[in-house]
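Observations on the three-dimensional arrangement
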Amino acid sequence: MSDIMNLREEFSEYIKDQSAEALYNEPLSSHCSFKIGGPADILYTPFDENALICALRFAAENSVPFRVLGNGSNVLISDKGLRGVTIKLIGGLTELCFTEDGEIFCGAGVSLKKLCTFALENGLSGLQFAYGIPGSVGGAVYMNAGAYGGEIKNVLTKVRCVDPKTFETEEIPACEIDIAYRSTPFMTNGKIITGAYFSLQNGDKEEIKKEMNSLMAKRKASQPLEYPSAGSTFKRPANGYAAAMIDECGLKGCAVGNAEVSVKHAGFVINKGGASFGDVMGVIEKVRQTVLKEKGVYLETEVEILGE
């Protein structure tokens, strides 16, 4: 306990001049869509890149682990929480503007919904598919989020990021980034996305709004949005669809504790209320083993699993 107290005191002193917010022993269940997760030793929201780099320097100089959290909409966090510094980008890095070239620059901490609304207000088309995705722009770029036939990579032109090893900032053209289905190099190279540039097409505001509302209605009708979850639990396998395989195996309603495969959409594992990390992992493993046995397909999780 004394080590943690020392860590907090040292961190608080180190970042005192930064434009940022730091919370200590903060329950992460309040910062993710699954509503599951123990405390973060330090939960840190930097409001600019300098504040982010300051926290990274502290972690490096003191051999303290860190990880980055966006809107927490695609993660399952251990009941034991996260050690060291958890850097939360949503609510920080919120710049949203046009560049001289007419592209949109968006900070990693902006919500996808806000970005999509900004595009709509300016009569720009191309982001309608993302309107209902409950994530941050940084998180969406990090995993190449997509829905209804659209993907972030289709409108992304450049990514701004910080290297936690060198503390240097760089901007990488999207054409030089190996982006695939729900996958980017940022998931393995450690670089932290701080912003992104998007190129959209001029369109009719009413048509754009109509499409956004239509996709949102479709999402509400087909997905269990009334329950906490992390969206689609499993990645789409090479052949077929995870939700269809789970449904065909009769796993809708399959439960462990207070976690359950949604009866509305088999691709979602939901928190029925008070579910633990272990409950959700239990459902994930039961689904995996059943689908593997009956379909010969091993389902990979789309949701990121964090902590012990």
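A brief structural summary. Owing to the predicted nature of the structure, the values given are computational and were not obtained by experimental measurement.

Quick look at the overall build of the protein
- In terms of regular secondary structure, the protein is built from 8 helices and 18 strands.
- Rg of the C-alpha trace for the protein: 20 Å, near the compact-globule value of 19 Å for 308 residues, within the 12% margin.
- The buried share of the protein, taken over its 308 residues, is 50%.
- Relative to all contacts within the protein whose residues are 6 or more apart in sequence, the contacts with residues 24 or more apart total 65%.

Re the layout of surface pockets
- Of the volumes computed, that of the second largest pocket is approximately 160 Å³.
- Considering the residues around the second largest pocket, the lining is formed by F47, D48, E49, L93, T94, E95, F105, G107, R160 and T194.
- Of the residues contributing to the lining of the second largest pocket, the split by class is 3 nonpolar, 3 polar and 4 charged.

Some details on the packing of aromatic side chains
- Within this structure, the stated rule accounts for 5 aromatic pairs.
- Ring geometry for F11 against Y44: centres 5.2 Å apart, planes inclined by 85°, an arrangement best described as edge-to-face. In this pair, F11 sits in helix α1 (residues 2-14) while Y44 sits in strand β2 (residues 39-46), placing the two residues 33 residues apart along the sequence. Comparing F11 with Y44 shows no difference in burial state: the two are buried.
- Between F98 and F118, the aromatic rings sit 5.2 Å apart at their centres with planes inclined by 40°, giving tilted as the arrangement. One end of the pair, F98, is in strand β6 (residues 96-98); the other, F118, is in helix α3 (residues 112-121), and 20 residues separate them in sequence.
- Three or more aromatic residues joined by ring pairs form one cluster here, namely F11, Y14, Y44 and F58.
- For the cation-ring pair, K158 lies above Y197, with the distance from its terminal atom to the ring centre recorded as 4.6 Å.
- The ring of Y181 has R236 lying over it, and the distance from NZ or CZ to the ring centre is 4.4 Å.

Comments concerning the sheet that holds strand β15 (residues 255-256)
- Taken together, 3 strands build an open sheet; the order of strands is β15-β16-β17 and the sheet is antiparallel. Across the chains shown, the open sheet's two edge strands, defined by having one partner strand only, are β15 and β17 (269-271).
- Inspection of the sheet shows β15 paired to strand β16 (residues 259-261) by 2 bridges, in the antiparallel sense. When the bridges of β16 are listed, V256 appears paired with A259.

Points about the sheet that holds strand β3 (residues 66-69)
- In spatial order, the strands read β1-β2-β5-β3; together these 4 strands make up an open sheet with mixed pairing. Of all the strands in the sheet, just β1 (20-27) and β3 have a single pairing partner and so form its edges. Strand after strand, the sheet turns through a mean of 25° between neighbouring axes, direction not considered.
- Pairing of β2 with strand β5 (residues 82-88), which is carried by 4 bridges, proceeds in the parallel orientation. In the sheet register, Y44 faces β5, and the bridge partner there is I87.
- Of the strands in this sheet, β1, β2, β3 and β5 are in contact with helix α2 (residues 49-61), which crosses β2 at around 145°.

Some thoughts on α3
- L112, L115, C116, F118, A119 and L120 are the residues of α3 that are buried.
- Those residues of α3 hidden inside the fold are in contact with β6, β7 (104-107), β8 (124-125), α4 (137-143), β13 (192-198) and α6 (205-222).
- G123, located one to two residues past α3, shows a positive phi value of around 65°.

How each quantity is defined
- Residues numbered from 1 in each chain as written.
- Predicted model: local features only at pLDDT ≥ 70, side-chain atom pairs only at ≥ 80, totals over all residues.
- Heavy atoms only, no water.
- Helix = DSSP H or I, 4+ residues; strand = E, 2+ residues; numbered from the N terminus.
- Rg over C-alpha atoms; globule rule 2.2 N^0.38 Å.
- Buried < 20%, exposed > 50% of the residue type's maximum accessible area, 1.4 Å probe, protein only.
- Contact = heavy atoms within 4.5 Å.
- 1 Å grid on protein atoms, 1.4 Å probe; cavity = no way out; pocket = protein on both sides within 12 Å on 5 of 7 lines; lining within 4 Å.
- Points joined across faces, edges and corners; volume = space filled by probe spheres on them.
- Nonpolar A, V, L, I, M, F, W, Y, C, P; charged D, E, K, R; others polar.
- Phe/Tyr/Trp six-rings, centres within 6.5 Å; stacked < 30°, edge-to-face > 60°.
- Lys NZ or Arg CZ within 6 Å of the ring centre and 35° of its normal.
- Pairing = 2+ DSSP bridges.
- Axes fitted to C-alpha atoms, helices over the stretch in contact; angles between N-to-C directions.

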